[in-house]
Amino acid sequence: MFIGRARRKEFWLFNLGNLIIALVLILSEGLFGIAAETDESVLAALFQLAILVPSLAVAVRRMHDIDCSGWMGFVPLFNLFFACVNGTRGANRFGADPKAAMS
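Now for a look at the structure at hand. (Residues numbered from 1 in each chain as written. Predicted model: local features only at pLDDT ≥ 70, side-chain atom pairs only at ≥ 80, totals over all residues. Heavy atoms only, no water.)

## A closer look at the packing of helix H1 (residues 8–32) against helix H3 (residues 52–65)
At step 1: Look at H1 against H3: their axes get within 9 Å of each other, and the N-to-C directions meet at 155°. Put simply, H1 runs roughly antiparallel to H3. Here H1 runs over H3; the crossing is left-handed. Residues Arg8, Glu10, Phe11, Phe14 and Asn18 of H1 form the contact with H3, whose participating residues are Pro54, Ser55, Val58, Ala59, Arg61 and Arg62.
At step 2: Residue composition of the contact of H1 with H3, by class: five nonpolar, two polar and four charged. (Axes fitted to C-alpha atoms, helices over the stretch in contact; angles between N-to-C directions. Helix = DSSP H or I, 4+ residues; strand = E, 2+ residues; numbered from the N terminus. Parallel < 35°, antiparallel > 145°, perpendicular 65-115°, else oblique. Left-handed = near helix turned anticlockwise from the far one by under 90°. Contact = heavy atoms within 4.5 Å. Nonpolar A, V, L, I, M, F, W, Y, C, P; charged D, E, K, R; others polar.)

What follows is the structure in structure tokens.
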């Protein structure tokens, strides 16, 4: 799960999908009046808790794609900058180039 490399596309589509699902859960919770006595969305919070490990895994694999340690994903702003940069061309110490495998 934490081994290998993830392309930018995989990383951003994973996060976009999670955002869309969380928004749908928030809206449906408001529409149906689920947990109306709280300001927070219970369903969205449970969803975020359920995808915590997969989110960490894709972030670590994204850092591996740019040939950085997965721990760099926990450094603020560093991870955001490198999540937007092209990955290392060819194989690096974390595995084969995922873009090369696609073509």
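Let's pick the thread back up.
## Some remarks on the pattern of salt bridges
At step 1: Per the stated rule, a full pass over the model turns up five salt bridges.
At step 2: Between Asp97 and Arg5 there is a salt bridge, with its nearest N and O atoms 3.8 Å apart. Taken together, the residues Asp97 in the loop between helix H4 (78–83) and helix H5 (98–102) and Arg5 in the segment before H1 connect sequence positions 92 residues apart.
At step 3: Classification of Asp97 as buried rests on a relative accessible area of 12%.
At step 4: Overall, the relative accessible area of 8% leaves Arg5 in the buried class.
At step 5: Taking the shortest distance from any N to any O, the salt bridge between Asp67 and Arg93 comes out at 3.0 Å. With a gap of 26 residues between them, Asp67 in the loop between H3 and H4 and Arg93 in the loop between H4 and H5 connect regions that are remote in the sequence.
At step 6: For Asp67, a relative accessible area of 31% translates into the label partly exposed. (Salt bridge = Lys/Arg side-chain N within 4 Å of Asp/Glu carboxyl O. Buried < 20%, exposed > 50% of the residue type's maximum accessible area, 1.4 Å probe, protein only.)

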